[in-house]
Every structure is written in C-alpha cells, then in structure tokens.
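As a plain string of letters, each chain reads:
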Amino acid sequence: MTKPSVTRAVFPVAGLGTRFLPATKAVPKEIMTLIDRPLVQYAIDEARAAGIEEFIFVTARGKGALEDYFDEAPALAAALRRQSKHELLAGLKRTEMASGAIAYVRQREPLGLGHAVWCARHLIGDEPFAVILPDDVIAAETPCLKQMVKAHAEIGGNLVAAMEVPRAQVSSHGILDAGGVRGDVIRVRGMVEKPLPDAAPSTLAVIGRYILTPEVLGRLGGQAAGAGDEIQLTDAIAAEIGGTGVHGFRFEGRRYDCGSKAGYLQATVAFALARDDMKDEFADFLNSIMEFRVAAE
Ligand code: G1P
C-alpha cells in the first residue's frame, strides 16, 4: 500500500526568543536574518522543496511581522519594477504565499512545543504532517525534509531527524534510545526530553524536523506537562513507539542551532562563505582578523 504523501507542515513560531533579547522585544526571532534572508524563509524554502503545499504557523502575540512578511508588498514591488531591480523583485516573489496556502493559529499561552503543535490540530486533519522548527537551519545538498519525505514514503509512521551531539549537550535536546540501525534509519525504542547527561540513553539527539502521524495529535490532547513543566512533543511521539511506530533519520547535511547566539553566528559565517557575491571579500576579512589575533597572542 502506498503511504499518503506529506503536504502540510506546521511551523511553531510562538516562542519568546529570550536568548536574543533585547532584539526580540520588537522583532520575532524568526525574522532575524542570515545575511539577508530571515530564518523563516529558509524553513519555507525547505518545506516547498519537500512538496509541502499548506503552511501552518503557530504564532503568538508580537509575531505580526511574520504575517506581513508573507504578504504581497505592492508599493515595494512597483518601486523595484520602476528601477528595473529584477533580481530583488524575484527574491521578493519567493516570500509570497498563495491565498489559502498559509494559515496562522495562535498559541495563547507558552505551554511548550507539544502544546504549540496541538494548537494546529484542526488544520492538520487526518494525514501525516511535517513539523519544522525554524531555529534549526540545515545546510544540505538535498534539503533535509525532502530526504525525510523520501524515507517516510518507505517506512511510514513517525520519523524524527537525528544527529549525534556531545554528551554535555544532551540536556538541550530530545534524546533517542536507539534499537537497530539500517542505513540512515534508526529504530527508536525510547525517547526522552532533555535528560541529564548521566541519565541519557544515548547521544543521538532529535533535530527540528519531524514527520508525524495524526495519532500524535490525539496523544497531545490529554498529555500532562513533562520536562521543564511544558507539554513536550517528544513525550507524545514516544507514546507512539508501540503504536504507529517511531524511527530516527540521520540526515545528510550540517545543522546550525540558530536558537543560540553561537550557532547563529556560525551559520552567518558559513552562509556568507558559501555565497558567490560575498565569499571572497568575507574570506579576506576573516583571514585578516585571524592574523591579527595570532599576532596579538
Ligand atoms: C525542541 C525539542 C527537542 C529537540 C529540539 C531540536 O527543543 O523539544 O526535543 O531536540 O527542539 O532543536 P527546544 O530547542 O525548543 O528547547
């Protein structure tokens, strides 16, 4: 039997972004840029490449800039047209969403990632859906979610992106208790949200890309708060291990944690060095400050 394809994605963007205060007092974290594209644009581009057609944002108070970002901007477009700035115009087109392709639901209180996803339940319906956390930016030849959709078409159930992290970092992640591994796919026999390093079943961490069954939404409905006193997505997925099944997926690509200052800076440097219009000048600059640092030591 062919598995239903994944055409809907949820983008939980209701977080307060406290790690980037004071900037995030006025600017949603997801609008912060890597060079000139907001984090959320990377997430949208990845979803589109994977065949996603409906984009569901779980937002909160203060996130209005995100809605404006996806709208048409007629005055701006007309000005660029007059000035024959065709490349900028094309870039602007990529930000627009067809009417009805994008929907926003509000998470009224910050009760956790699981609760945020649950807020989108009426828009998701009864098919598998993707979840993308825009904080996790993944640079890859084949976009990460596209890799996962392909794997999911074969194994079905619930699929979570996974990668090894240093043991000192396990308490920032959902961690997998891995059974057998076949190629890129890991059989999951347990999952725990943000364990202490000593208690972690492995160092295999969940990264912000998921393909989930509607059963997970059902679980979230009645679920008690977990780690950090929040309703955790990890717990609802773990509850499906004996049900619709859970696998980890080792994606090809490099993940940047843009929810942290260090990860955000690393992504900025890596993306600048990958851009034809910037790389030479930027590499010269980096070399010169490194020489300066060595000379100073
Ligand atoms: C969330 C999830 C966690 C996952 C992480 C990936 O945590 O709860 O399981 O490992 O995203 O980035 P957060 O970063 O929102 O605290």
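Scroll up for the structure.
All of these numbers come straight from a predicted model, not from anything done at the bench.

A.B. asks: Just checking my understanding: could you explain the nonpolar core for this structure?
C.D. replies: One recurring pattern in soluble globular proteins is that nonpolar side chains are buried together. Grouped together as the largest cluster of nonpolar side chains are 33 residues, with contacts concentrated most on F11, I52, F55, F57, F70 and L145. Of all elements in the fold, only β1 (8–12), α1 (39–49), β4 (54–59), α2 (64–69), β6 (129–132), α7 (144–155), β8 (158–164) and β11 (204–212) reach the threshold of two or more residues within this core. If we skip the residues at most four places from it in the chain, F11 touches A43, I44, A47, F55, I56, F57, V58 and I132.

A.B. asks: Sorry if this is basic, but what is going on with the packing of helix α3 (residues 74–82) against helix α4 (residues 86–93) here?
C.D. replies: The packing of two helices is summarised by the inter-axis angle and the distance between the axes. Packing of α3 against α4 brings their axes to within 8 Å, and their N-to-C directions diverge by 155°. Considered as vectors, α3 and α4 are oriented roughly antiparallel to each other. Here α3 runs over α4; the crossing is left-handed. Facing α3, whose interface residues are L76, A77, L80 and R81, α4 presents L88, L89 and L92. Across the contact of α3 with α4, the residue classes tally to 6 nonpolar, no polar and 1 charged.

A.B. asks: Looking at this model, I keep getting lost on the site of the ligand. Mind explaining?
C.D. replies: Residues in contact with the ligand amount to 13 residues; listed here are only the nearest, D136, G174, E193, K194 and V206. Here an oxygen atom of the ligand sits 2.7 Å away from a polar atom, N or O, in the side chain of E193. K194 places a polar side-chain atom, nitrogen or oxygen, 2.7 Å from an oxygen atom of the ligand. By residue number, the principal contributor to the shell around the ligand is β11, which donates 3 residues. A breakdown of the residues in the shell around the ligand according to their chemical character gives 4 nonpolar, 5 polar and 4 charged.

A.B. asks: Explanation requested: a negative patch on the surface in the structure shown.
C.D. replies: Taken together, the side chains of E67, D68, D71 and E72 present a region of like negative charge at the surface. Take D68: it is sitting in helix α2.

A.B. asks: Looking at this structure, I do not really get the pairing of β4. What am I missing?
C.D. replies: A regular strand carries its side chains on alternate faces of the sheet. Along β4, 5 of the 6 residues are buried, which leaves the element largely enclosed by surrounding structure. Examined bridge by bridge, β1 and β4 share 5 bridges and lie parallel to one another. Bridging across to β4, A9 finds its partner in F55. The pairing of β4 with strand β5 (residues 102–106) spans 5 bridges and is classified as parallel. What sits directly across from V58, in β5, is V105.

Definitions and limits used
Residues numbered from 1 in each chain as written. Predicted model: local features only at pLDDT ≥ 70, side-chain atom pairs only at ≥ 80, totals over all residues. Heavy atoms only, no water. Core = buried A, V, L, I, M, F, W, Y, C linked by side-chain atoms within 4.5 Å. Buried < 20%, exposed > 50% of the residue type's maximum accessible area, 1.4 Å probe, protein only. Helix = DSSP H or I, 4+ residues; strand = E, 2+ residues; numbered from the N terminus. Contact = heavy atoms within 4.5 Å. Axes fitted to C-alpha atoms, helices over the stretch in contact; angles between N-to-C directions. Parallel < 35°, antiparallel > 145°, perpendicular 65-115°, else oblique. Left-handed = near helix turned anticlockwise from the far one by under 90°. Nonpolar A, V, L, I, M, F, W, Y, C, P; charged D, E, K, R; others polar. Near = heavy atom within 4 Å. Polar contact = N/O pair within 3.5 Å; in protein donor to acceptor, adjacent residues only side chain to side chain. Patch = residues over 30% accessible without salt bridge, like charges linked within 9 Å, V, L, I, M, F, W, Y side chains within 5 Å. Areas by Shrake-Rupley, 256 points an atom, 1.4 Å probe, with all protein chains shown as cover. Salt bridge = Lys/Arg side-chain N within 4 Å of Asp/Glu carboxyl O. Lys, Arg positive; Asp, Glu negative; His and termini not counted. Charge placed at Lys NZ, Arg CZ, Asp CG, Glu CD. Pairing = 2+ DSSP bridges.

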